[in-house]
Amino acid sequence: MVSKTVAYTGNEAIAHGMKQINPDVIAAYPITPQTEIVQIYSTFVADGLVDTEFVTVESEHSAMSAVIGAAAGGARAMTATSSQGLAYMHEVVYIAASMRLPIVMAVANRALSGPINIHCDHSDTMGARDSGWIQLYSENAQEAYDNLIQAVRIAEHPDVQLPVMVCLDGFIISHALETVTLNDDAFVKEFVGIYKPKHHLLDPENPVTMGPLDLFDFYFEHKRDQAEAMRKAKDVIIAVGQEYGAKTGRGYGLFETYQLDDAETAIVVMSSTAGTAKAVIDELRAQGQKVGLLKLRSFRPFPYAELAEALKHLKAVAVLDRADSFNAFGAPLFVQTRAALYDLPQRPTMINYIYGLGGRDCDMSQIARVYADLAEIVKSNQTGEIVRYLGVRE
Amino acid sequence: MAQYLEIRWHGRGGQGAKTAALLLGESAAAAGKYIQAFPEYGPERMGAPVVAYNRISDQPITVHCHVKEPKYVVVLDSTFVGSVDFTDGMPEDGVLVINTDKSPAEMRKRLGLEESSIRVCTVNATQIALDTIGRAIPNTPMMGALIGATNLLNIEDVIEDTKRKLEKKFRNRPEVIAGNLQAIQRAYEEVQG
């Protein structure tokens, strides 16, 4: 395949990926830092470069409602949002998942008000973690682009039929120009294929009802089906990531490990901070320290068994969350990772850091401090505080 | 271990510091480098202080935090002198390029850098912008001045690449394109120190 290397922001990379996917319908409402995605896409529509029906709506609630309607009608439908926008569409986000509509939504992660803040943290998508959507997190613009293309295949797979959020860090990735390798248009077109839904509302030969009342007779079974679809999504994410890797040279799994095999301590983190951690690991490794990283890509489905296997040999692990779950004995990524390791006969000591809220810069010195804290835990055999805050004034 | 060059741009909202960082990043990418270019987004208003950054490397860049130790610092507006520490985090062999009508020696004195090993370079980018573009937007000439002071990239390639970028943006205003390219060339030649 002919690929091209360009300098793109995360938002430009997502918009370009959407153009190559050329979905039937996009409905969106602007919100910083996502706005550029649909703004750029609207120029593709105006210039006649895509076939998409572009629906401008008056709110995010309507944006999600419109893509639900489109997807129920058998269209390949996409949208994008951030922060308050995701919060505003919250009730319909659940409906998209429960109607098993394979919508793909890019989310430029941003803090939730208040106080009002436009910068990155993961509070927005963490608030939607139990909505029934698959969530893929991206380290950089390249991964955001690659995840978007794979998300279409994952969402529409017959074993899955669930919507997917493709998360990228607001501003840090959405607005930063980076080196990105793009696939050629023909490859993306072939990779995503033509969407042929099994059931949809505009098929008079096979009439169906979608979204009817579902009380104590079948509601529970439908929820059980959603859980099963999410469970099956794990193997589909792996298979699609492998196929994408075979064709582009950029393979993906449920998570990525960096210098983890012989590590004694490690950080578990999602998104852009994983890249900063890699640079710190390079420095510490040069000093002979056995430190590593596990960067989680698939937060939903949560690959608990694979995580336990990958982390079981470590002496101490720090899980970094870019969101808080106030006084829940750790933030979401930590709580789940720790639970995943509970059944191991021998477990690493685990601590949690809440970091980077509201876009607080997480620099290399903060990451280095986490590894120093882990080394101290191993040396002293004392865990100390389990839930900690990184880079905040106390 | 990844080695990369870091650059910090100081400007005021409306002077184009962010655009300069993006254009430089794109030119470096066109030259086959791995790059990052990003502003520090705050409550920007016309005239308020703005900071933007570049990272440039021969290898992939994974860090995603603010630039703390820039080797090169570019100042688009000398009225910051006294209120912003341009040299914050700069190494001993750093290069500071300032838009001013003062000489390098005079700026060095004003900034209290008489004893510093940091190289201070100056160029009157505002005048160049007025002469060539017709507006006091010093971002493209300061990109030329940075390249003149450091030989960071090949100037002909940068001008060619910037021309392609501007042709997309200003396709109906060819005079803006010619003015900007002339500004880059002049500042590249006129930067002192």
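Going by the structure above, here's the rest.
The structure presented is a predicted model; accordingly, all values stated were derived computationally and were not measured.

**Digging into the overall build of chain A**
Part 1 of the argument: The number of helices and strands found in chain A is 13 helices and 15 strands.
Part 2 of the argument: Taken over the C-alpha trace, chain A has a radius of gyration of 21 Å; the compact-globule value for 394 residues is 21 Å, and the two agree within 12%.
Part 3 of the argument: In terms of overall dimensions, chain A has C-alpha extents of about 70 × 55 × 45 Å along its principal axes.
Part 4 of the argument: Taking all 394 residues of chain A together, the buried fraction comes to 57%.
Part 5 of the argument: Looking at chain A alone, contacts between residues at least 24 apart form 80% of all its contacts between residues at least 6 apart.

**Side note on the pairing of strand E2 (residues 34-39) of chain B**
Residues and elements named next belong to chain B.
Part 1 of the argument: Along E2, five of the six residues are buried, which leaves the element largely enclosed by surrounding structure.
Part 2 of the argument: Here E2 runs beside strand E3 (residues 49-57); their pairing, made up of six bridges, is antiparallel. Of the residues in E3, the one forming a bridge with Gln36 is Arg55.

**Concerning helix H3 (residues 125-132) of chain B**
All names here are of chain B.
Part 1 of the argument: Among all positions of H3, only Ala125, Ile128, Ala129 and Thr132 are buried. One side of H3 holds all its buried residues, which, seen down the axis, span an arc of 100°.
Part 2 of the argument: Residues of H3 that are buried in the fold lie against strand E5 (95-99), strand E6 (119-123), helix H4 (139-150) and helix H6 (174-190).
Part 3 of the argument: One or two residues past the end of H3 sits Gly134, with phi positive at roughly 90°.

**A word on a nonpolar patch on the surface**
All names here are of chain A.
Part 1 of the argument: On the surface, a cluster of nonpolar side chains totalling about 270 Å² of accessible area is made up of Leu201, Leu202 and Val208.
Part 2 of the argument: Within the fold, Leu202 resides in the loop between helix H8 (185-192) and helix H9 (219-248).
Part 3 of the argument: A relative accessible area of 63% means that Leu202 is categorised as exposed.

**As for the environment of A:Gln289**
Part 1 of the argument: Residue position: A:Gln289 is located in the loop between helix H10 (273-286) and strand E11 (291-296).
Part 2 of the argument: A sequence separation of 26 residues divides A:Gln289 from A:Ala263, and the C-alpha atoms of the two residues are 8.3 Å apart.

**What about the environment of B:Asn180?**
Residues and elements named next belong to chain B.
Part 1 of the argument: Structurally, Asn180 can be placed in helix H6.
Part 2 of the argument: Since its relative accessible area comes to 7%, Asn180 is described here as buried.
Part 3 of the argument: Put simply, Asn180 and Ile159 are 21 residues apart on the chain and 9.2 Å apart in space, counted from C-alpha to C-alpha.
Part 4 of the argument: Ignoring any residue separated from it by four or fewer positions in sequence, one finds Asn180 in contact with Ile133, Thr140 and Leu166.

**Side note on the pairing of strand E15 (residues 387-390) of chain A**
Two faces belong to every sheet, and in a regular strand the side chains alternate between them.
All names here are of chain A.
Part 1 of the argument: Of the two faces of E15, only the one carrying Arg388 and Leu390 is buried; Val387 and Tyr389 on the other face are not.
Part 2 of the argument: Inspection of the sheet shows strand E14 (residues 349-355) paired to E15 by four bridges, in the parallel sense. By the bridge assignment, Tyr353 is partnered in E15 with Arg388.

**Brief notes about a negative patch on the surface**
Part 1 of the argument: Side chains of B:Glu156, B:Asp157, B:Glu160 and B:Glu167 sit close together on the surface and give a patch of like negative charge.
Part 2 of the argument: Assignment of secondary structure puts B:Glu160 in helix H5 (residues 155-169).

Calculation criteria
- Residues numbered from 1 in each chain as written.
- Chains lettered and ligands numbered in written order.
- Predicted model: local features only at pLDDT ≥ 70, side-chain atom pairs only at ≥ 80, totals over all residues.
- Heavy atoms only, no water.
- Helix = DSSP H or I, 4+ residues; strand = E, 2+ residues; numbered from the N terminus.
- Rg over C-alpha atoms; globule rule 2.2 N^0.38 Å.
- Buried < 20%, exposed > 50% of the residue type's maximum accessible area, 1.4 Å probe, protein only.
- Contact = heavy atoms within 4.5 Å.
- Pairing = 2+ DSSP bridges.
- Arc of directions from axis to C-beta.
- Patch = residues over 30% accessible without salt bridge, like charges linked within 9 Å, V, L, I, M, F, W, Y side chains within 5 Å.
- Areas by Shrake-Rupley, 256 points an atom, 1.4 Å probe, with all protein chains shown as cover.
- Salt bridge = Lys/Arg side-chain N within 4 Å of Asp/Glu carboxyl O.
- Lys, Arg positive; Asp, Glu negative; His and termini not counted.
- Charge placed at Lys NZ, Arg CZ, Asp CG, Glu CD.

In short, the description is geometric, and any link to function would need to be established separately.
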